[in-house]
Amino acid sequence: MKKNIVAVLLVIALSTAAAFAATNPANSSFDVTTNVGGINKMKITTAAFPANGNPSAFDSAAAFTGPLVVSASGAQTFSAYLSTMSNNRVGYKVTMSATAMSSTVSSATAYINYTVGVNNKSLTTAGATAVTPVEVITVSSLTGLASQSHQISLSVDATSFDAAVEGSYSGTVTFTYTAN
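Presented here is an overview of the structure given in this document. Just so we're clear, the structure is a prediction, and the values are computed from it rather than from any experiment.

Rules of the game
Residues numbered from 1 in each chain as written. Predicted model: local features only at pLDDT ≥ 70, side-chain atom pairs only at ≥ 80, totals over all residues. Heavy atoms only, no water. Salt bridge = Lys/Arg side-chain N within 4 Å of Asp/Glu carboxyl O. Helix = DSSP H or I, 4+ residues; strand = E, 2+ residues; numbered from the N terminus. Buried < 20%, exposed > 50% of the residue type's maximum accessible area, 1.4 Å probe, protein only. Phe/Tyr/Trp six-rings, centres within 6.5 Å; stacked < 30°, edge-to-face > 60°.

With the rule as written, the count across this model stands at 2 salt bridges. Salt-bridge contacts for K41 lead to D59; the nearest nitrogen and oxygen are separated by 2.9 Å. Here the residue K41 occupies a position in strand β1 (residues 40-45), and D59 occupies one in helix α2 (residues 55-60), the gap between them amounting to 18 residues. Take K41: its relative accessible area is 22%, and that puts it in the partly exposed class. The closest approach of N and O atoms between K93 and E135, which form a salt bridge, is 3.9 Å. Separated by 42 residues along the polypeptide, K93 in strand β4 (residues 92-98) and E135 in strand β9 (residues 134-139) bring together distant segments of the chain.

The structure is reproduced here in structure tokens:
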């Protein structure tokens, strides 16, 4: 008889535990969450940045440090790349603008024009006249972290260089990164 009572109590205990386990779904799952921050980077590098790079490698990539010193007209020899890295889901764009090299002495300004190019797009300066910026990179959407590099080219106009008056000339090429 003692064995029967123990067996009955054991069956009751097991069925009670099973009933409580099945009726409490709050203990059967949990959520996992994170927040991925935006990565929107751009820099002018001395070498092409690899497409599978990571943000810390991008940050430590050697930057091109100007100025680009021009001593003759025509195509200039230098190593500079427009490099970008982004994880922006809706993409980004980069525009390029430039000002002619100018020199001002006694309120008289002289100009030397040049053509700058990136990613098969180019822009030619026009003395004191502002030129319309050119979109050189357009990315409409991304599904993950992506990077790209495009070599920068520059050619100095022979006519304005050869006819220039003496002085120190400088111009600026500007790249503007805009997240969509």
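Turning next to the packing of aromatic side chains. Each aromatic ring pair is specified by the distance between its two centres and by the angle formed by the two planes. Taken as a whole and assessed by the stated rule, the structure comprises 3 aromatic pairs. Aromatic pair F49 and F58: ring centres 5.0 Å apart, planes at 75°, arrangement edge-to-face. In terms of burial, F49 and F58 fall into one category: buried. With a centroid separation of 5.9 Å and an interplanar angle of 55°, the aromatic rings of F64 and F78 are classed as tilted. In this pair, F64 is assigned in the loop between α2 and β2 (74-75) and F78 in the loop between β2 and β3 (81-86), connecting sequence segments 14 residues apart. We classify F64 as partly exposed; its relative accessible area is 27%. You can call F78 buried: its relative accessible area is 17%.

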